[in-house]
Amino acid sequence: MKIAITADGKDLNSMLDERFGRCKYFIFADSETMEFKALDNTYSDSAHGVGVEVAQFVIDQGVDTLITGNLGPNAAKVLSESGITIYNAGSMTVNQAIDLYKQGKLTKMSGPTTNPHK
Amino acid sequence: MIISVASGKGGTGKTTVATNFAVALADIYKTALLDCDVEEPNAHLFLNIDKRQYNLNEKVFLPVPQIDDKKCVHCGKCLEVCAYHALADIGKKILVFEELCHGCGGCSLLCPEGAIIEKNKQIGDIKGCNVKGLDFVFGTLSIGSVMAPPVIKKVKNHIKQDRLTIIDCPPGTSCPMINAVMKSDFCMLVTEPTPFGLNDLKLAVEVVRELEIPCGVIINRSQDGDHIIEKYLASEGIPILMKIPLDRRYAASYANGKLLIEDYPDFKAKFIETLKNIEKWVKA
């Protein structure tokens, strides 16, 4: 499975960034091989529609799964309609989040966790 | 001539000034009052209007895209041009986030397949009538809508060259305020003699200077603390147009939805004198 994780740093020992649209980095990891790459979230300073923009970026990376903390309604809509499974994780490292995901211990997100701030 | 009434800080008395000023001048000039504070229009409350009087009733629409999935080839042109990220391509279809759309029309213009048509989404309405001898127009932003500028622009479409036009502006210094103040010949900034009033007055002055609109200040609830405002205005070379003293009787008049110039006719001459001064500055 190709997983996207919002992260505070650029390696697997970094803390998970609980923000989605305005997270610092994205770590794209293969849950079988544990190969990964980290990309800057270049959209984090966007003034408008950052949720939609970042969700589009994640889709375009061809992932099946996203692990993050909080998700706004627009991003949630884009991701869920495109068929990406979203899991919720709190304060932990990226490695720990992937482990819990593999063990089936992460909770699926069924919708947005935050209100729109228009 | 177009005179906008703005402030920076909310609750300083913009609507009090705008309504009294407009009604005072309507005796002498052909005057129009436009309430462009579309998120919370309330100038009409001071004009004793019966709803049946409104003979101007318009709806304000924003053109938002509608995608024909059969024609769309997912080329990505519409996403590229949308500065507000109101579109997302999830492979099988394009999602449209209408509340993010600013209605610029770029996506439908650039779609090479003609797969985007625009539909009108109502974002507000405009009402108007003739009352107390003046042309009165105001706009209201629909509940849940966030796009104030298109509604403000629609209100301002009712500006007529042969009228002295007074514009009641929204507070703040962002898009709605700027859209309301834009293209006026003079801006009256209403403030109160408090550190908060002064702070936000400075912000508003920066905006009107950026727009190259001359300005003057009305100190409302004027009392002992005026010197902080006066000191700033003197250093910036900005004239004080008028002072409205802090007086319980004026507050009571306001609270009853009445005009100061009707309860205290002395104000009428002061507003007229203020206009004469503004005319001199604008012409100079």
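For the structure given in this document, a descriptive report is provided here. (Residues numbered from 1 in each chain as written. Chains lettered and ligands numbered in written order. Predicted model: local features only at pLDDT ≥ 70, side-chain atom pairs only at ≥ 80, totals over all residues. Heavy atoms only, no water.)

1. Digging into the overall build of chain A
For step 1, the next point in the chain: Looking only at helices and strands, chain A has 3 helices and 6 strands in total.
For step 2, the next point in the chain: Scanning chain A from its N terminus toward the C terminus, one meets helices and strands in the order β-β-β-α-β-α-β-α-β.
For step 3, the next point in the chain: Taken over C-alpha atoms, the radius of gyration comes to 13 Å for chain A, in line with the 13 Å a tight globule of 118 residues would show.
For step 4, the next point in the chain: When its C-alpha atoms are laid out on the principal axes, chain A stretches across 40 × 25 × 25 Å.
For step 5, the next point in the chain: Residue pairs in contact within chain A that sit at least 24 positions apart in sequence constitute 52% of those at least 6 positions apart.
For step 6, the next point in the chain: Split by element, the accessible area of chain A, about 5,700 Å² in all, is 45% carbon and sulfur.
For step 7, the next point in the chain: Charged side chains in chain A number 11 positive and 14 negative. The centres of these two groups are separated by 5 Å. (Helix = DSSP H or I, 4+ residues; strand = E, 2+ residues; numbered from the N terminus. Rg over C-alpha atoms; globule rule 2.2 N^0.38 Å. Contact = heavy atoms within 4.5 Å. Areas by Shrake-Rupley, 256 points an atom, 1.4 Å probe, with all protein chains shown as cover. Lys, Arg positive; Asp, Glu negative; His and termini not counted. Charge placed at Lys NZ, Arg CZ, Asp CG, Glu CD.)

2. Remarks on the interface of chain B and chain A
For step 1, the next point in the chain: With 16 residues of chain B at the contact, the number on the chain A side is 13 residues.
For step 2, the next point in the chain: If you sort the residues of chain B by the area they bury against chain A, B:H85, B:I90 and B:F97 come out on top, with a joint share of 39%.
For step 3, the next point in the chain: Between A:E81 and B:K93 there is a salt bridge, with the nearest N and O atoms lying 3.2 Å from each other.
For step 4, the next point in the chain: Our count for the contact surface shared by chain B and chain A stands at 4 residue pairs in polar contact (both at pLDDT 80 or more).
For step 5, the next point in the chain: Tallying contributions element by element places strand β4 (residues 87–89) of chain B first for the side of chain B that touches chain A, with 3 residues.
For step 6, the next point in the chain: In terms of residue class, the side of chain B that touches chain A is made up of 10 nonpolar, 2 polar and 4 charged. (Buried area = accessible area lost by both parts, 1.4 Å probe. Salt bridge = Lys/Arg side-chain N within 4 Å of Asp/Glu carboxyl O. Polar contact = N/O pair within 3.5 Å; in protein donor to acceptor, adjacent residues only side chain to side chain. Nonpolar A, V, L, I, M, F, W, Y, C, P; charged D, E, K, R; others polar.)

3. Describing helix α1 (residues 14–26) of chain B
For step 1, the next point in the chain: The terminal C-alpha atoms of α1(B), which comprises 13 residues, lie 18 Å apart, in line with the 18 Å expected from a rise of 1.5 Å per residue.
For step 2, the next point in the chain: For α1(B), the buried fraction is high: 13 of the 13 residues fall into the buried class. (Expected span 1.5 Å × (residues − 1). Buried < 20%, exposed > 50% of the residue type's maximum accessible area, 1.4 Å probe, protein only.)

4. Observations concerning the packing of helix α6 (residues 195–210) of chain B against helix α7 (residues 227–236) of chain B
Residue and element names in this part refer to chain B.
For step 1, the next point in the chain: Close contact between α6 and α7 brings their axes to 10 Å; oriented N to C, the two are set at 25 degrees. On the basis of their axis angle, the class for α6 and α7 is roughly parallel. Handedness of the α6/α7 crossing: right-handed. Together, P195, L198, L201, K202, V205 and R209 of α6 and I228, I229, Y232, L233 and E236 of α7 make up the contact between the two elements.
For step 2, the next point in the chain: Among the residues forming the contact of α6 with α7, the class breakdown is 8 nonpolar, no polar and 3 charged. (Axes fitted to C-alpha atoms, helices over the stretch in contact; angles between N-to-C directions. Parallel < 35°, antiparallel > 145°, perpendicular 65-115°, else oblique. Left-handed = near helix turned anticlockwise from the far one by under 90°.)

5. Topic: the sheet that holds strand β7 (residues 134–141) of chain B
Residue and element names in this part refer to chain B.
For step 1, the next point in the chain: Here 9 strands make up an open sheet; going across it, the order is β3-β6-β7-β2-β8-β1-β9-β10-β11 and the pairing mixed. The sheet terminates laterally at β3 (56–67) and β11 (240–245), the two strands that pair on one side only. In this sheet, adjacent strand axes meet at a mean angle of 20 degrees when their direction is disregarded.
For step 2, the next point in the chain: As judged from the 12 bridges shared by β3 and strand β6 (residues 116–131), these two strands associate in the antiparallel manner. If you follow K59 over to β6, its bridge partner there is D125.
For step 3, the next point in the chain: Contacting β9 (186–191), β10 (215–222) and β11, α7 crosses the sheet at an angle of about 175 degrees to β11. (Pairing = 2+ DSSP bridges.)

6. Brief notes about the packing of helix α1 (residues 50–60) of chain A against helix α2 (residues 73–81) of chain A
Residue and element names in this part refer to chain A.
For step 1, the next point in the chain: At a closest axis distance of 8 Å, the pairing of α1 and α2 adopts a crossing angle of 25 degrees. It follows that α1 is roughly parallel to α2 by the angle criterion. For the pair α1 and α2, the sense of crossing is right-handed. The segment α1 lies against α2, with G51, V52, A55, Q56, V58 and I59 engaging N74, A75, V78 and L79.
For step 2, the next point in the chain: Looking at the contact of α1 with α2 residue by residue, the class counts come to 7 nonpolar, 3 polar and no charged.

7. Re the environment of B:K59
Residue and element names in this part refer to chain B.
For step 1, the next point in the chain: Here K59 shows up in strand β3.
For step 2, the next point in the chain: Among the residues examined, K59 registers a relative accessible area of 52% and is labelled exposed.
For step 3, the next point in the chain: Sequence separation between K59 and G105 is 46 residues, and the spatial gap between their C-alpha atoms is 19 Å.
For step 4, the next point in the chain: Beyond its immediate sequence surroundings of up to four residues, K59 is in contact with Q122, G124, D125 and K154.

8. Things to note about the nonpolar core
For step 1, the next point in the chain: Residues A:F20, A:V58, A:L71, A:V78, A:L79 and B:L189 are the most contacted members of the largest nonpolar core, which totals 78 residues.
For step 2, the next point in the chain: Per-element tally for this core: the top contributor is α1(A), with 7 residues.
For step 3, the next point in the chain: B:V5, B:L47, B:F136 and B:I272 belong to the second-largest nonpolar core, a separate cluster that totals 39 residues. (Core = buried A, V, L, I, M, F, W, Y, C linked by side-chain atoms within 4.5 Å.)

9. Brief notes about the side chain of B:D168
All names here are of chain B.
For step 1, the next point in the chain: With respect to the element layout, D168 can be found in strand β8 (residues 164–168).
For step 2, the next point in the chain: K14 provides the closest opposite charge to the buried, salt-bridge-free D168, at an N-O distance of 6.1 Å.
For step 3, the next point in the chain: Reaching out from D168, the side chain makes a polar contact with the side chain of T15 at a distance of 2.8 Å.
For step 4, the next point in the chain: Beyond its immediate chain neighbours, meaning those up to four positions away, D168 contacts V5, K14, T15, A18, L34, D35, C36, D37 and A43.

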